[in-house]
Amino acid sequence: MWHVGIDVGGTFTDLFAANGESGETISAKVLTTAGDRSVGVLNALEAAAIAPAEISVLVHGTTTATNALVERSYPPVAMVTTEGFRDVIEIGRQRRQHLFALRQKRPTPIVPRRLRFTLGCRLSAAGEDLSPFDDEEARQVARQIRERGAQSIAICFINAYVDGRHEARMRDILLEEYPDCHVALSSETVRKFREHGRFSTTVVRAALLPVMTSYFNRLAAGLGDNGFSGSLLALKSNGGMMGVDLAIERPEELVESGPAGGVAYARYLSQTTEFSNIIHTDMGGTTFDASIVDHGEGLLTHDYQLEWEVPITIPMLDIRSVGAGGGSIAWVDKGGSLRVGPQSAGSDPGPACYDRGGAEATVTDANFVLGRLDATLGGKLTLDVDAAERAVSRIADRLGIDRLEAAEAIISITCENMAQAIKLVLTDRGRDPRDFVLASFGGAGPMHACQIARAMNIPRIVVPAHAGVASAFGATAMDIRHDLEEFYYAPVNEADFDRLNQMYAGLERQGRALLARDGIADAGMMLSRHAQMRYVGQFWEVLTPLGDGQLSADRAQELAEAFHNAHEAEHGVKSPTFPSEFVSIGVTAAGAFARPTIHGAEADAAAEVERGTRPVYFGGSWHDVAIYAGERLYPGVAITGPAIVEYDHSETVLPPGTQASVDRGGNLLIALDGAA
Amino acid sequence: MDAVRRNASEIRDLDPVTFEVLRSHFDFCCERMSKVLQKTAFSPILSDILDYSNAVYDADIRLVSQSPGCPIHMAAMHFAAQESVNKYGKESLRPGDVVVLNDPFQGGTHIPDTTFTMPIFSDEKLLGFAVSRGHWQDLGGGAAGGQSFGTHIAGEGLRIPPLKLFNEYEMNQDLLALIKNNTRCPEYIEGDIQAHMGALKVAEQEFSRGVARYGLETVEIAMRELIAYTNRISRSRIEAIPDGEYAVTDFVDTDGFSEEPIKLAVKIVVEGEKMTVDFTGSDPQCVGAINSPLANTFSATYLALRFYLCPEAPANAGLFDAVDIVLPDDCWLNAKWPAPTIGCTTVTAAKINSSIWLAMSQAMPQDATGGTMSDVNWLVCAVTDPETRRQTVFSDLPAGGWGGMNDMDGASVRFDPTGNCMNLSAEVAELCYPIVYEAFDLRQDSAGPGTHRGGLGARLQFRFNGNAELSIETSRTLAGSPGVEGGQESRAQRLCKLLPDGSAEVIGGLADDGAWHNPLLAAYRFAPGEAFRIETGGGGGWGDPMARPVEQVLDDVLDDYISVEEARTSYGVVIDPEERAVDLAATETLRGERRAA
């Protein structure tokens, strides 16, 4: 039976599958089907010649949710909220994104103002009725919503994190008046304070409910019709996965479903190589993503923003993006400085060398001018060298330097821009780059990995064996994972530990129940506790891992210590004499999924790994550089830079001063000479 | 193209890659400083409202880079750094020395803005300075937050001259004890100091990383080149403006004592690549607390111009060098001891910014913008918990609208250009303070009408469970934000008190009977069960409202941004509220009459 990972991206749908009995692996790449993306999934299976009936597990990452949100393409959504708070999702936190720009627009609210309704009922911060729920008023609003044609409704009341009874009553009335509608409650979506984040997340859930229900139903039907009877799972933004029936209820957890697969791959590397601390990087045509796997786990954030002041405040992988990719355009600004991006030529018109109408110099053009790209892109396209040279020359003229110098400068600046994204995530989270290895994914990533690593003083790089279908591969290497949270606000030395024990036990029960839904046996369940804590008087919390066992006043000192250490790890400072407090508590419930063993490439000394040489420009001069065939590399092969390793969907550039070797798993491990 | 080529060759001492790398290195350094300050500070005004800035300076105390924080701190901070360094002398400063000050007449602005200056060394050589400024919750004075609105600076809190708070990383405990004795919030002080120190240490780390990688000399050259770069961009923008004089007169409603509004006259003179901003003609130093020390006036001027001259360049001394500022000696914009100044960073800075934008709207009509609400409505409230008797202090800064422009409506409820602060979260407020936060939503019909209307203002309302005192600095209560290019003025601001029986009383601005009330409230008392409400102003409109497309007016009505009545009176659009549709015939007639009239 096959264990299949599928990643539905904006352009391509990738597949990776491993056979549990034979150990055989297969990968495939087909075009994403824009109208109904579930068709592309079936196409990928067909391309790989895998019959749905032969699949035991299908794990699936998708950008469907993200696209629906970004394009605002979902059935009309309404919102019911507390009087006086109709505009929380429109006003946001009243800040602007660009400090000194005269013209800047806010993102369009996910629910337009005309579909945002208010009720007079009101709870206090202690959960008491300041103003009771009025059934008749609620019923009128429900009828109005039905008349206006909204199909999904977000219910978001102030202080509902303390008690959801008003929200639950509103749902009952809505379902009585309007039985077919979808409903999302803020008290069920994020049980924590701060209305902007909670309302925004709930509205996102409401918008996605009809979209993802329809998508997964189509996918399940398409697979079912072809004999599929295995487990269908979805990748979550927290780096784990969940069953599709649960994903339909919690679609807001799918927003970073695409990149999560790549991070899972990095996590897999941390388990199968000597590296436990990995920086995951992914470079495509327009953006570069960076995130961290720290001691084998993807680092999470609670501060995710879909767009400016559109937060989704559930734990999500901390992935930082900068506008740097193969299509990024080089330009000279008014102060005479060379800049690259964030404007991108994308794939249409694309870089100048694609000869599709693009005239501006892009990163790809600079690579091509320097000889670092194969002139046929692995036989897919014939690149136009004259166009690339003309484009880069225009930049060179403006700077008063020669063409090759300009091309190297464009690459260097791009690498520095990408290093910024890595710096942001590392130093924001208090991590030292020298403790990490850089893992490079994506079509354009491995071309620049060595230079980025050098800019960051990261001594080692790994280019994974399946970089071309990284997210799909990662999808086959994931665990079920749920992050559950609940509000609990008290100083550590005044905490009600009996209540805390009960709350933790309750979250753990929920976690076990969720894992059981996806078929995880009791023995395979892993539960861990944590809390959001801060110094008394502070406003921002730090995620603090806590140990197991009954909590009690005797352990208060130990809990405070755990917080001081977590605070120091995040922010570089701690204040051991200051009192600390809880803001919320949480449980992570994970369950490992059995997956087939994947065999590395066999040593085949007969295979010819070199396929000739070509001139490549590095550091001010031309070098005659050996070209290697990536698919033929086997464990033990060693390569000294300068060299180029060509794969089907990507290319690795090894500049002078690098040493590479292939490990047992087929990964290319690179060391920089002279790096710390 | 030629200008660009000439400019390019001017970055002569650094290759383009190193220049670009170090430029982002300094930006990154300041961003990291801010992150540490925000996440570890104790004053909510720092951690949640984000009223702070961090910057790095070269060894001559010229600004190299600054974090995106609070623009009004932008150019004021080097005055503070200079005073701090002059006090002790460059040669006597050691690594880990930190000088603190808040004195408005020695490089400060208003008392709560507290500045920390630390020298940065590479081995023994002085490389530059790291500076961290934050608005502290309370440093004493006659009302919470120093908002006493008296006639003397002594009433606004503890005035700290440049003093060493740290000697080689060791805190001066005597000074700490003195500060803690002079605040309503002693529990915040040590945590805030620790947060500032954390930010300064980040700058030390980042500088030493830069030096380790690029070498001392390259880092020094880069600092110089960055300033030259911003200067080139600013000068080329000025050169593109037609030579001439662009003058604007605006007013602050009152200084709290005056019967007449206080006048601000500004004239921008452009000659070639030189710009002069002349405040001659503005009123003399006034009695009340809106006086602005020189550092604050300069800062407000530079930040306003930055939007027009060099928004994308690093915020640094290169802009300061491109602009001359003329200030009369006896002027409320050039305050001297013992003038009270608490309102200078809010009311006055916003007014300076708004006036300069109106002048620039003449100079660069393609970027003309309707008036911003031009105030930050900084309120500070001390409220006593009826059960514990404990008094807590909190702040909020409810924003208003920005102006319409030639291609867009103004933004609603967006913080004034002089800052970029968050509002207070209702749920956080109710958890921490004995209040019920009853509303923060859009104020219908508050926007200035126009082809592109202004943004809307807000309605903020909270009710007190215990006895409370509220202070607020506000203006634009006599008239709203002006429109441009035929656009109209917005609705003015208003402060109200709501009694438990539901009745409302205007306590600041124009009441329904036409009477006007002083909108600078100092320790205004509220009893339990009473509520405070502020209705903030919208932005001014751009272009004739009669030219606004009918369907956009209908959309505004359907979204309740404007009322059916406003659609008719300001836009000449007749809407049937039952049908939710435009009466096109009636609209054509009405608009025809308006055009004829």
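Residues numbered from 1 in each chain as written. Chains lettered and ligands numbered in written order. Predicted model: local features only at pLDDT ≥ 70, side-chain atom pairs only at ≥ 80, totals over all residues.

As a further point, take the overall build of chain B. Counting its regular elements, chain B contains 14 helices and 23 strands. Relative to the globule expectation of 25 Å for 597 residues, the C-alpha radius of gyration of chain B, 25 Å, shows essentially globular dimensions. C-alpha atoms of chain B, sized along the principal axes, occupy 80 × 70 × 45 Å. Scored against the burial criterion, the 597 residues of chain B give a buried share of 63%. Expressed as a percentage of contacts within chain B between residues at least 6 apart in sequence, the contacts between residues at least 24 apart total 73%. (Helix = DSSP H or I, 4+ residues; strand = E, 2+ residues; numbered from the N terminus. Rg over C-alpha atoms; globule rule 2.2 N^0.38 Å. Buried ≥ 20, exposed ≤ 12 C-beta atoms within 10 Å, placed from the backbone. Contact = placed C-beta atoms within 7 Å.)

Across a sheet, strands are paired by hydrogen bonds formed along the backbone, either parallel or antiparallel in direction. Residues and elements named next belong to chain B. Taking strand neighbours across the sheet as the criterion, the seven strands line up as β2-β1-β5-β4-β3-β6-β7 in an open arrangement whose pairing is antiparallel. Single-partner strands in this sheet number two, and they are β2 (63-66) and β7 (170-171). Across ten bridges, strand β4 (residues 113-122) lies against strand β5 (residues 125-135) in antiparallel orientation. Across the sheet, the residue bridging to Asp113 is His135, located in β5. Contacts from helix α2 (residues 16-40) reach β1 (52-58), β2 and β5 within the one sheet, and its direction differs from that of β1 by about 145°. (Pairing = 2+ DSSP bridges. Axes fitted to C-alpha atoms, helices over the stretch in contact; angles between N-to-C directions.)

Residues and elements named next belong to chain A. On the basis of which strands lie adjacent, the open sheet formed by four strands has the order β29-β30-β32-β33 and mixed pairing. Strand pairing shows two members of the sheet lacking a second neighbour, β29 (610-618) and β33 (651-654), which therefore form its edges. Mean inter-strand twist for the sheet, computed between neighbouring axes without regard to direction, equals 25°. By the bridge criterion, four bridges tie strand β32 (residues 643-646) to β33 in an arrangement that is antiparallel. Bridge pairing in β33 places Ile644 opposite Val653.

At the junction of the two partners, chain B supplies 66 residues and chain A supplies 55 residues. Those elements that place two or more of their residues in the side of chain B that touches chain A are α1 (2-10), α2, α3 (44-47), α6 (186-214), α7 (216-240), α8 (294-309), α11 (426-432) and β14 (435-442) of chain B. When residues of the side of chain B that touches chain A are assigned to their parent elements, the largest contribution, twelve residues, is made by α2(B). Along the lines of polarity and charge, the residues of the side of chain B that touches chain A split into 34 nonpolar, 14 polar and 18 charged. (Nonpolar A, V, L, I, M, F, W, Y, C, P; charged D, E, K, R; others polar.)

To continue, consider the domain arrangement of chain A. Under the domain assignment, chain A is made up of domain 1 (328-415) and domain 2 (480-591). Each of domain 1 of chain A and domain 2 of chain A was reduced to a C-alpha centroid, and the two centroids are 50 Å apart. (Domains from an automatic or database assignment.)

So, on to the domain arrangement of chain B. Each assigned domain of chain B is listed with its residue range as follows: domain 1 (2-231), domain 2 (368-545) and domain 3 (549-596). Taken over C-alpha atoms, the centre of domain 1 of chain B sits 52 Å from the centre of domain 3 of chain B.

For the rest of this paragraph, the subject is unusual backbone geometry. Put simply, A:Gly341 and A:Pro342 share a cis peptide bond, and its omega is 0°. Cis rather than trans, the peptide bond between A:Gly641 and A:Pro642 has omega equal to 5°. Looking at where A:Pro642 falls in the secondary structure, it is placed in the loop between β31 (638-640) and β32. Of note in this structure, A:Arg194 is not a glycine but carries a positive phi near 80°. Structurally, A:Arg194 can be placed in the loop between α6 (186-189) and α7 (195-225). What makes A:Arg194 buried here is the crowd of 21 C-beta atoms within 10 Å. One non-glycine residue, B:Arg476, adopts positive backbone phi at about 55°. Following the sequence through the fold, B:Arg476 ends up in the loop between β16 (468-472) and β17 (494-498).

Here the focus is the environment of B:Asn316. All names here are of chain B. Along the polypeptide, Asn316 turns up in the loop between α8 and α9 (317-322). Given 29 C-beta atoms within 10 Å, Asn316 falls into the buried group. Separated by 104 residues in the primary sequence, Asn316 and Asn420 place their C-alpha atoms 18 Å from one another. Excluding its chain neighbours within four sequence positions, the residues that come into contact with Asn316 are Leu63, Val64, Ser65, Leu226, Ile227 and Thr230.

Take helix α15 (residues 497-517) of chain A next. All names here are of chain A. Counted at 1.5 Å a residue, the expected span for α15 with its 21 residues is 30 Å, and the 30 Å between its end C-alpha atoms agrees. If you check which residues of α15 are buried, you get Leu500, Tyr504, Leu507, Gly511, Leu514 and Leu515. Each buried residue of α15 lies within a common arc of 100° when the element is viewed along its axis, so the set occupies one face. Of the exposed residues in α15, those oriented more than 90 degrees away from the buried face are Asp498, Arg499, Gln502, Ala505 and Ala513. At its buried positions, α15 is contacted by α8 (244-249), β25 (480-491), β26 (525-535) and β28 (580-591). (Expected span 1.5 Å × (residues − 1). Arc of directions from axis to C-beta.)

Residues and elements named next belong to chain B. All of the buried residues along helix α13 (residues 564-571) are Glu566, Ala567, Ser570 and Tyr571. Seen end-on, α13 carries its buried residues on one side only, within an arc spanning 105°. In the core, the buried residues of α13 are packed alongside α12 (550-558) and β22 (575-576). Phi turns positive one or two residues past the end of α13, at Gly572, with a value near 65°.

Next up on the list: the nonpolar core. A:Ile153, A:Val203 and A:Ile410 are the most contacted members of the largest nonpolar core, which has 389 residues in total. When neighbours within four sequence positions are excluded, A:Ile153 is seen to be in contact with A:Ala78, A:Val80, A:Ile145, A:Leu174, A:Cys181, A:Val183 and A:Ala206. (Core = buried A, V, L, I, M, F, W, Y, C linked by C-beta atoms within 7 Å.)

This next bit is on the pairing of strand β22 (residues 338-344) of chain A. Residues and elements named next belong to chain A. Across the seven residues that make up β22, a large majority, five, are buried. Relative to β22, strand β21 (residues 328-332) runs antiparallel, the two sharing four bridges. By the bridge assignment for β22, Val332 is matched with Leu338. Between β21 and β22, which pair antiparallel and follow one another directly, the connecting turn spans five residues, one of which, Gly336, has a positive phi of 85°.

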